[in-house]
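# Examination of the molecular architecture
Listed below, chain by chain, are the residues.
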Protein chains: 2
Amino acid sequence: MQLTRFTDLGVRVLMYLSSPRAADAPLATVGEISEQFAVSHHHLVKVANILAQHGWIHAARGKGGGLRLAHAPSDIPFGAVVRLLEGDGDLIDCADPPCALRGGCNVKSVLDVARDAFFAALDRYTLADITAGGTGEKLARIQFHPPARAGSGAPAAAR
Amino acid sequence: MQLTRFTDLGVRVLMYLSSPRAADAPLATVGEISEQFAVSHHHLVKVANILAQHGWIHAARGKGGGLRLAHAPSDIPFGAVVRLLEGDGDLIDCADPPCALRGGCNVKSVLDVARDAFFAALDRYTLADITAGGTGEKLARIQFHPPARAGSGAPAAAR
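The numbers attached to residues start from 1 for each chain and follow its sequence in the written order. Chains carry letters from A onward and ligands carry numbers from 1 onward, assigned in written order. Owing to the predicted nature of the model, reporting of local features is limited to residues with pLDDT of at least 70; listing and counting of side-chain atom pairs is limited to 80 or more, with chain, interface and lining totals taken over all residues. For the side-chain quantities, the full set of heavy atoms in the structure was used; hydrogens and water were omitted.

### Digging into the pattern of salt bridges
A pairing counts as a salt bridge when a side-chain nitrogen of Lys or Arg comes within 4 Å of a carboxyl oxygen of Asp or Glu. The final tally for this structure, using the stated rule, is 14 salt bridges over all chains. Residue Arg12(B) is joined to Asp8(B) by a salt bridge in which the shortest nitrogen-to-oxygen separation is 2.8 Å. Of this pair, Arg12(B) and Asp8(B) both sit in helix 1 (residues 5-18), four residues apart, roughly one helical turn. Considered together, Arg12(B) and Asp8(B) belong to a single accessibility category, that of buried residues. Residue Lys108(B) is joined to Asp112(B) by a salt bridge in which the shortest nitrogen-to-oxygen separation is 2.8 Å. Remark: Asp112(B) and Lys108(B) occur in helix 5 (residues 107-122); sequence separation between them is four residues, near one turn of the helix. Overlapping salt bridges bring together Asp90(A), Lys108(A), Asp112(A) and Arg115(A) as one network. Secondary structure elements are defined from DSSP: runs of H or I of at least 4 residues count as helices, runs of E of at least 2 residues count as strands, and each element is numbered from the N terminus. Burial here depends on accessible area, computed with a 1.4 Å probe over protein chains only, as a share of the maximum for the residue type. Under 20% is buried, over 50% is exposed, and the range in between is partly exposed.

Below, the structure is given as structure tokens:
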């Protein structure tokens, strides 16, 4: 039982954006998040687009643009965003190969009940809970101390 | 969010074995189940071994051998068998690529709570619930009317 890579990336984007930035700091960008988590820029763009389309983040284009949360972390239910990122695919694939019981089988409806319980449990947490304590401290550290780019001798401030 | 193929196969084995057979009928075999669901014989052997090792089915070797449930379907909690088949891998992979927050992140513990809720919801059902009604009727039909083997002209009774 595993969440998709897409959800994993979406959760990291939201966590990253939940960390406070200095008042005069530029907005976080996909490039910055991609670098901090060493994940695909291309996939992060897709994830950020979905989160923006559904109103969880604001994405401003152009010079000075970037990403920010559209709500306070305490107003973002974790279950709602994981449900969005996961989509509504089935938990088992009855079609490949086609199961002999397909179309008249109780398994799917029982798994749907369990999936609802899974998301309801996540909805007892908000993004603020997810980024509380040591997690938030770690997020703050990676925000303001980006790692040196591999193969680059330039200090972080020069990039 | 998807269950593994291994779990899918294990559930099909248990469902198939829950269907009553005639008193003089031989035990179901992995070969028979593999044929009915058009799934890999090799993978089914692995699944049947795990189910037998953990006491959910009996597997008798040799002539006249085969598989049968070790308990009545109403005594087999669905959550317990899905939990066994799924194993205890994490819902997201913090290690590939290594996440900058790894080792001090609330996401894993929150997902573990939700996973427990998922299995607890499944434990409100037994294998008897899963195979009730139309599902059981479909199972009975595929038990006693195996499909013709592709490319074989021999009637089912001759195999």
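### Quick look at the relation of the copies chain B and chain A
Residues reaching a pLDDT of at least 70 in both copies supply the C-alpha atoms on which the copies are superposed by least squares. Aligned on chain A, chain B shows an RMSD of 0.0 Å; the corresponding rotation is 180° and the shift along the axis is 0.0 Å. These values place the two chain copies in the arrangement generated by a two-fold rotation axis. By C-alpha distance to the rotation axis, the residue of chain B lying nearest is Phe118(B), at 2.4 Å.

### Structural notes on helix 2 (residues 30-37) of chain B
Residue and element names in this part refer to chain B. The buried count for helix 2 comes to six of eight residues, which makes it a mostly enclosed element. Here helix 2 has its buried residues at Val30, Glu32, Ile33, Ser34, Gln36 and Phe37. At the C-terminal side of helix 2, Ala38 shows a positive phi close to 55°.

### So, the pairing of strand 1 (residues 57-60) of chain A
A regular strand places its side chains on the two faces of the sheet in alternate fashion. All names here are of chain A. In the sheet, strand 1 pairs with strand 2 (residues 66-69) via four bridges, with the strands oriented antiparallel. Across the sheet, the residue bridging to Ile57 is Leu69, located in strand 2. With antiparallel pairing between neighbouring strands as the criterion, strand 1 and strand 2 make up a hairpin whose turn holds five residues, including Gly62 at a positive phi of roughly 85°. The rule for pairing is simple: two strands pair if DSSP sees at least two bridges between them.

### Concerning helix 4 (residues 78-86) of chain A
Three or more residues of helix 4 of chain A are buried, namely Phe78(A), Gly79(A), Val81(A), Val82(A), Leu85(A) and Glu86(A). Angular distribution of buried residues about the axis of helix 4 of chain A spans 165°; they occupy a single face of the element. The secondary structure elements touched by the buried residues of helix 4 of chain A are helix 1 (5-18), helix 3 (41-53), helix 5 (107-122) and helix 6 (127-130) of chain A together with helix 5 of chain B. Downstream of helix 4 of chain A by one or two residues, Gly87(A) has phi in the positive range, about 70°. Throughout, the arc means that of the directions going from the helix axis to the C-beta atoms. Two residues form a contact once any of their heavy atoms are found within 4.5 Å.

### A word on the interface of chain B and chain A
Counting residues at the interface gives 51 residues for chain B and 52 residues for chain A. In total, chain B and chain A occlude about 4,200 Å² of area from one another, counting both sides; carbon and sulfur atoms represent 66% of this. Counting across the chain B and chain A interface gives zero salt bridges. In protein, a polar contact requires one atom able to donate a hydrogen and another able to accept it; more generally it is a pair of N or O atoms within 3.5 Å, and residues adjacent in sequence count only if both atoms are side-chain atoms. On the surface where chain B and chain A come into contact, there are 15 residue pairs in polar contact (both at pLDDT 80 or more). For the side of chain B that touches chain A, the secondary structure elements donating two or more residues are helix 1, helix 2, helix 4 (78-86), helix 5, helix 6 (127-130) and helix 7 (133-144) of chain B. The leading source of residues in the side of chain B that touches chain A is helix 5 of chain B, at eleven residues. Amino acid classes used here: Ala, Val, Leu, Ile, Met, Phe, Trp, Tyr, Cys and Pro are nonpolar; Asp, Glu, Lys and Arg are charged; the rest, including Gly, are polar. Across the side of chain B that touches chain A, the residue classes break down as 30 nonpolar, nine polar and twelve charged. Buried area is understood as the total, over both parts, of accessible area removed when two parts are fitted together, assessed with a 1.4 Å probe.

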